[in-house]
Amino acid sequence: MEVERASLSDAEEILALQKLAYRSEAEIYGDWTIEPLVQTLEELRRQFEDHVVLKAVASGAIVGSVRASARDGTCRIGKLMVHPDRRKQGIGRSLMNAIEAYFPGCRYELFTGSRSVRNIALYEKLGYAVFRERAASPDVTLVYMEKKNG
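Residues numbered from 1 in each chain as written. Predicted model: local features only at pLDDT ≥ 70, side-chain atom pairs only at ≥ 80, totals over all residues. Heavy atoms only, no water.

**What to know about the pairing of strand β5 (residues 107-113)**
With 5 of 7 residues buried, β5 lies mostly within the body of the structure. A crossover links strand β4 (residues 74-82) with its parallel partner β5, the connecting element being helix α3 (residues 91-102), and its sense is right-handed. Pairing analysis gives 5 bridges linking β5 to strand β7 (residues 141-147), with the strands arranged antiparallel. Within β7, the residue paired with Gly113 across the bridge is Leu142. (Buried < 20%, exposed > 50% of the residue type's maximum accessible area, 1.4 Å probe, protein only. Helix = DSSP H or I, 4+ residues; strand = E, 2+ residues; numbered from the N terminus. Right-handed = clockwise from strand over helix to strand, strands pointing away. Pairing = 2+ DSSP bridges.)

Put into structure tokens, the structure is as follows:
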């Protein structure tokens, strides 16, 4: 598996991965409010203008992606996606390490949903800690995390 910067031509494949990942999460948690979080192709394409989008590629297919933007010394990381059949293969860790290497010396922040137990556990293993929670709706709580000692 290799991690590299994605291009606009990867948008459709990344969107398909996003849909697959969200559907898998919705099935696991029995929570179909997760699935509507999928972006439109146009929304994703616009993010290529002001975000760095990295992709993990294995056997010619995109098996993971993450996006980030940096401003005023803070790197905001979001939309970490890993193919449901490729979990526990270190893809999420590789993508997070690559983003941190892409934006060295930043304060790193990210957010995830409170029900994304796997994501929270991964981020904690990578040195992130919760610094705030915010209810986005009656069913969804956003958990904001930052890199400890960094």
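Still more ground to cover, so stick around.
**A closer look at the nonpolar core**
Ranked by internal contacts, the top residues of the largest apolar core, which has 26 residues, are Cys75, Ile77, Met96, Ile99, Phe103, Tyr123 and Tyr128. Those elements that place two or more of their residues in this core are β2 (52-58), β3 (61-71), β4, α3, β5, α4 (117-125) and β7. Not counting chain neighbours up to four residues away, the residues in contact with Phe103 comprise Val52, Ala68, Ala70, Cys75 and Tyr108. One finds Ala6, Ala11, Ile14 and Leu15 within the second-largest nonpolar core, a separate group that totals 13 residues. (Core = buried A, V, L, I, M, F, W, Y, C linked by side-chain atoms within 4.5 Å. Contact = heavy atoms within 4.5 Å.)

**Some details on the sheet that holds β3**
Taking strand neighbours across the sheet as the criterion, the 7 strands line up as β1-β2-β3-β4-β5-β7-β6 in an open arrangement whose pairing is mixed. At either margin of the open sheet sits one strand with a lone partner, and together these are β1 (2-5) and β6 (128-135). Adjacent strand axes in the sheet meet at a mean angle of 25°, parallel and antiparallel pairs treated alike. Here 7 bridges tie β3 to β4, and the two strands are oriented antiparallel to one another. Among the inter-strand pairings, Ala68 is bridged to a residue of β4, identified as Ile77. Along the sheet, α3 makes contact with β1, β2, β3, β4, β5, β6 and β7, crossing β4 at roughly 155°. (Axes fitted to C-alpha atoms, helices over the stretch in contact; angles between N-to-C directions.)

**Notes on the side chain of Glu109**
Position of Glu109 relative to the elements: it lies in strand β5. Take Glu109: its relative accessible area is 13%, and that puts it in the buried class. Look past the residues within four positions of Glu109 in its chain and what remains in contact with it is Thr74, Cys75, Arg76, Ile77, Phe131, Met145 and Glu146.

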